[in-house]
Amino acid sequence: MSRLKVLPQYLMPKGAMTRLAGRIASKPRGGVTTSTIRRFVARYGVNMAEAAEPNITAYATFNDFFTRALKPGARPLAEAPLICPVDGSISQVGRIQGDQVFQAKGQAFSTTALVGGDAQLAAKFQDGLFANLYLSPKDYHRIHMPAAGRLVRMVHVPGALFSVNPTTARGVPGLFARNERVVCVFENDTLGTWVLVLVGATIVGSMTTVWHGPVNRRGPVREWDYTPGQVTLAQGDEMGRFLLGSTVVMLFEKSNLQFNPAWQPGGTIRMGEWMAR
């Protein structure tokens, strides 16, 4: 049934739709922008009271609104080795089975495929931990660091642009390792190597990191290496943004860490709450 529901996505011109949406959302359009934001807030129940700028008329573009900052203190950080990097909902969390990451019932993908074919990097996560976290349109769309990290590498992997909502996750094989993605590789003295992957999707105008800016979506697989200390971020620091909703996938090396028992598929999460101890 899930595969039938996602069949139209195979036929849609997802790339063209995404490029058009990106152009529209990035242009100042005066009253049209304000009216669009007002309708969006009403439809999705966006809580503007927690935004650093709650006045919707202050946003020149839809993208400015969509990547809005929150008021200081709106997301206190828990004391834990791993904290939640985003507002959203849990797609799946758990242990990596060998090199297989659980996507949905009957669906999985390999760590090697997710990180763009680097088997040596993927081997570090054998039997480790993973978390797939979904950001819906109504959510806060800045992504923060679940732990402190020294950036080692960033890889842009071109791919499809399927939706990443729960229905599509059940219906498209290997979805998160099939869509376009930006793989960010970090090191941490306690956790070792860990990976945070920004997964692209239909209508996601761009994926942005704080050290690089928007990642150019055209061309082959591209890789950037970073010298030690060139980019170091503390736990809770902003590391990137989505322009419209998508998914974050994280991989961690095998350890004694245990996920928050309240974290169950479909559950709501908020940036800063404890993820694993």
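In the block above lies the structure referred to throughout.
Please read these numbers as outputs of a predicted model, since none were measured by experiment.

Rules behind the numbers
Residues numbered from 1 in each chain as written. Predicted model: local features only at pLDDT ≥ 70, side-chain atom pairs only at ≥ 80, totals over all residues. Heavy atoms only, no water. Helix = DSSP H or I, 4+ residues; strand = E, 2+ residues; numbered from the N terminus. Contact = heavy atoms within 4.5 Å. Pairing = 2+ DSSP bridges. Buried < 20%, exposed > 50% of the residue type's maximum accessible area, 1.4 Å probe, protein only. Core = buried A, V, L, I, M, F, W, Y, C linked by side-chain atoms within 4.5 Å. Phe/Tyr/Trp six-rings, centres within 6.5 Å; stacked < 30°, edge-to-face > 60°. Lys NZ or Arg CZ within 6 Å of the ring centre and 35° of its normal. Salt bridge = Lys/Arg side-chain N within 4 Å of Asp/Glu carboxyl O. Expected span 1.5 Å × (residues − 1). Arc of directions from axis to C-beta.

Asks: Would you take a moment to explain the overall build of the protein chain for this structure?
Replies: Secondary structure summary: the protein chain contains seven helices and 17 strands in total. For the protein chain, the share of sequence-separated contacts (at least 6 apart) that also reach a separation of at least 24 residues comes to 76%.

Asks: For this particular structure, what's the right way to read the sheet that holds strand β11 (residues 213–214)?
Replies: Reading across from one edge, β6-β14-β10-β11 is the order of the four strands in this open sheet, with antiparallel pairing throughout. With partners counted over all chains shown, the strands left at the sheet margins are β6 (142–144) and β11, one partner each. Taken together, the three bridges between strand β10 (residues 207–209) and strand β14 (residues 238–242) define a ladder with antiparallel strand orientation. Bridge assignment links Met207 to a residue of β14, and that residue is Phe242.

Asks: Could you clarify how one ought to interpret the pairing of strand β7 (residues 149–157) in this entry?
Replies: A regular strand carries its side chains on alternate faces of the sheet. Judged by how many residues are buried, β7 sits mostly within the fold: seven of nine residues are covered. Sheet topology note: the β7/strand β13 (residues 232–233) ladder contains two bridges and is antiparallel. Opposite Arg150, over in β13, you have Thr232 as the bridge partner. Sheet topology places β7 next to strand β8 (residues 181–188); seven bridges connect them, and they run antiparallel.

Asks: Any chance you could explain the pairing of strand β4 (residues 107–110) here in plain terms?
Replies: One ladder, built from four bridges, connects strand β3 (residues 100–104) with β4; its direction is antiparallel. When the bridges of β4 are listed, Ala104 appears paired with Gln107. Linkage of β3 to β4, two consecutive antiparallel strands, is achieved through a turn of two residues, within which Gly106 is found at a positive phi near 80 degrees.

Asks: When you look at the nonpolar core in this model, what are you seeing that I'm missing?
Replies: As a rule of thumb, soluble globular proteins bury nonpolar side chains together. Grouped together as the largest cluster of nonpolar side chains are 38 residues, with contacts concentrated most on Leu133, Cys184, Leu198, Trp211 and Met239. Secondary structure elements with two or more residues in this core: β2 (88–95), β5 (129–134), β7, β8, β9 (192–199), β14, β15 (247–252) and β17 (274–276). In this structure Met239 touches Ile143, His144, Met145, Cys184, Leu196, Leu198, Thr208, Thr209, Val210, Trp211 and Leu233, once residues within four positions along its chain are discounted. Of all hydrophobic cores here, the second largest spans 27 residues; its members include Leu114, Val172, Val183 and Val199.

Asks: Is there a simple way to explain the packing of aromatic side chains in this structure?
Replies: By the definition in use, this model includes twelve aromatic pairs. Each ring, one from Phe186 and one from Trp211, has its centre 6.0 Å from the other, and the planes form 85 degrees; the classification is edge-to-face. Placement of the pair is Phe186 in strand β8 and Trp211 in the loop between β10 and β11, with a sequence separation of 25 residues. In this pair, the class of Phe186 matches that of Trp211, namely buried. Linked through ring pairs, Phe40, Tyr44, Tyr59, Phe62, Phe65 and Phe66 together constitute an aromatic cluster. The positively charged end of Arg277 is found above the aromatic ring belonging to Trp274, 4.2 Å away from the centroid.

Asks: Could you clarify how one ought to interpret the pattern of salt bridges in this entry?
Replies: Between side chains of opposite charge, pairing is possible as soon as their charged atoms come close. A full pass over the atoms with the stated rule returns nine salt bridges. As a salt-bridge pair, Arg153 and Asp225 come within 3.9 Å of each other at their nearest N and O atoms. Of this pair, Arg153 sits in strand β7 while Asp225 is found in strand β12 (residues 222–225), placing the two residues 72 residues apart along the sequence. Of the charged contacts in the structure, one is a salt bridge between Arg241 and Glu238, with a shortest N-O distance of 2.6 Å. Judged by its relative accessible area of 27%, Arg241 is partly exposed.

Asks: Would you mind going over helix α3 (residues 31–44) with me for this structure?
Replies: Each α-helix winds once per 3.6 residues, and so residues spaced three or four apart point in a common direction. Look at α3: 20 Å from first C-alpha to last across 14 residues, which is about the 20 Å you get at 1.5 Å a residue. Of all the residues in α3, the buried ones are Thr33, Thr34, Ile37, Phe40 and Val41. One side of α3 carries all its buried residues, which in axial view fall inside an arc of 125 degrees. More than 90 degrees from the buried face of α3, the exposed residues found are Gly31, Arg39, Ala42 and Arg43.

Asks: Sorry if this is basic, but what is going on with the side chain of Asp139 here?
Replies: With respect to the helices and strands, Asp139 occurs in the loop between β5 and β6. Given a relative accessible area of 8%, Asp139 falls into the buried group. What Asp139 contacts, discounting residues up to four positions off in sequence, is Arg68, Asp87, Gly88 and Tyr134.

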